[in-house]
Amino acid sequence: RENSSSSSNSAAMSLEKEEELLDVIVRNSKRLRQLAEDILDVAKIEGGSLFLKKERFNIKEMITEILSEYEQKIKNIKNIKLSYDSQGNDSITIEADKSRLCQVVYNLLSNAIKFTTDGSVTVIAEKKDKDDNFILLSIHDTGTGIDSEMLPKLFTKFATKSQTGGTGLGLFISKSIIERHGGKMWAENNSDGKGSTFAISLPLN
C-alpha cells in the first residue's frame with residue numbers, strides 16, 4: 001500500500017510539473033508572437049505603410065466591451081475596479097480605424113493594470129473643443145505612477161523596464177496610430193501622487 005501511495009504521489013507531482021512547464025511554453029509563445037506583431041507594426045509605421053480602415057462606431061460600446069474582457073482576465077488575480085465614465089454622453093461616435101483604436105486602448109489598459117496592485121482604473125471619454133470636434137480619452141489609474149527617468153522617453157522604441165516583461169514597443173506603436181489619425185497622445189503622473197493618466201485627443205471625423 002505504501003508503494004502504491006508513493007507511486008500515486010510521484011505521478012501527481014510529475015503531472016503538476018508538466019503543467020507548469022506547459023504554462024511557461026504558452027506564455028513564452030505569446031510573448032514571441034506579440035514581439036513579432038509589434039516589430040511588423042513598427043516596420044509599417046517607419047515605412048509609411050500603416051493604413052487605416054475607417055468606420056463610424058460608438059465609443060462607449062467599444063470601451064465597455066474591452067473592459068468586460070479585462071474584468072474576466074483579472075478576476076481573482078487583482079483587486080482592481082475597472083470603470084467607464086462617459087461624462088454624461090453615451091452617444092459619442094467617431095470615424096476611425098476601430099481595430100487600431102482597440103489596439104491602443106488594450107495597450108494602455110494593460111499597462112495601467114500591470115502597474116496597479118489594487119485600487120481603480122478608469123476610462124473617461126469627453127468631447128472637447130468649442131465645437132465638440134475632438135474627443136478626449138483618458139485612462140486614469142491609482143498605480144505606482146511613471147518613473148521620472150522613464151517619463152521623457154516613454155513613447156520611444158524599446159522604452160521599458162526589464163522586470164515588466166514588455167517589448168517596449170507598445171506605447172511607441174500606440175502613439176503612432178493616434179498621430180496617424182490626426183490626434184495626440186501624452187502621459188503624466190497624477191497630481192495627488194497616486195498613479196498616472198494616459199490621454200488621447202482624437203478628431204471625431
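The numbering scheme is per chain: residues are counted from 1 as the chain's sequence reads. The predicted origin of the model limits local features to residues at a pLDDT of at least 70 and limits the giving and counting of side-chain atom pairs to 80 or more, whereas totals for whole chains, interfaces and linings rest on all residues. For side-chain calculations, the full set of non-hydrogen atoms in the structure is used, while hydrogens and water are omitted.

Attention shifts here to the sheet that holds strand β5 (residues 134-141). Spatially, 5 strands are ordered β2-β4-β5-β7-β6 in an open sheet, and the strand pairing comes out mixed. The sheet is open, and its two edges are formed by β2 (79-85) and β6 (184-189), each paired on a single side. On average, adjacent strands in this sheet sit at an angle of 15 degrees to one another, irrespective of strand direction. A pair of strands counts as paired when DSSP detects no fewer than two bridges linking them. Strands here are runs of E lasting at least two residues and helices are runs of H or I lasting at least four, both read from the DSSP assignment and numbered beginning at the N terminus. Looking at chain direction, β2 and strand β4 (residues 118-128) are connected through 7 bridges and run parallel. Within the sheet, the bridge partner assigned to Tyr-84 lies in β4 and is Val-123. In this analysis, axes come from line fits to C-alpha atoms, helices being fitted only over the stretch in contact, and the angle between any two N-to-C directions falls in the range 0 to 180 degrees.

This part is about helix α3 (residues 98-114). The end-to-end C-alpha distance of α3 is 24 Å, a good match for the 24 Å that 17 residues give at a rise of 1.5 Å each. Backbone nitrogen of Ser-99 and a side-chain oxygen of the N-cap are separated by 3.2 Å at the start of α3; the cap is Asp-97. For a helix, the expected span equals 1.5 Å multiplied by the residue count minus one. Polar contacts here mean pairs of N or O atoms no more than 3.5 Å apart (in protein, one a potential hydrogen donor and the other a potential acceptor; neighbouring residues in sequence count only if both atoms are side-chain atoms).

Glancing now at the pairing of β6. As paired strands, β6 and strand β7 (residues 196-203) are joined by 6 bridges and run antiparallel to one another. Bridging from a neighbouring strand, Met-185 pairs with Ile-200 of β7.

Our next topic: the packing of aromatic side chains. By convention, a stacked pair of Phe, Tyr or Trp rings (six-membered ring in the case of Trp) has centres within 6.5 Å and planes under 30 degrees apart, an edge-to-face pair has planes over 60 apart, and any other such pair is tilted. Applying the stated criterion across every chain yields a total of 2 aromatic pairs. Taken together, a centroid distance of 5.9 Å and an interplanar angle of 50 degrees make the contact between Tyr-70 and Tyr-106 tilted. Taken together, the residues span a long stretch of sequence, with Tyr-70 in helix α2 (residues 59-74) and Tyr-106 in helix α3 at a distance of 36 residues. The exposure class assigned to Tyr-70 is buried, which follows from its relative accessible area of 9%. Tyr-106 sits in the partly exposed class, given a relative accessible area of 23%. Pairing Phe-155 with Phe-198 gives two aromatic rings, centres 6.3 Å apart and planes at 80 degrees, and the pair type is edge-to-face. Remark: Phe-198 occurs in strand β7 and Phe-155 occurs in the loop between β5 and α4 (170-180); sequence separation between them is 43 residues. In this scheme, the term charge over a ring applies when either NZ of a lysine or CZ of an arginine sits within 6 Å of the ring centre and within 35 degrees of the ring normal. Taking the ring centre of Tyr-70 as reference, the NZ or CZ of Lys-73 above it sits at 4.8 Å. For Lys-157, the ring lying beneath its charged end belongs to Phe-172, and the centroid distance is 6.0 Å. Relative accessibility decides the category of a residue: with a 1.4 Å probe and only protein chains considered, values under 20% of the type maximum give buried, values over 50% give exposed, and everything between is partly exposed.

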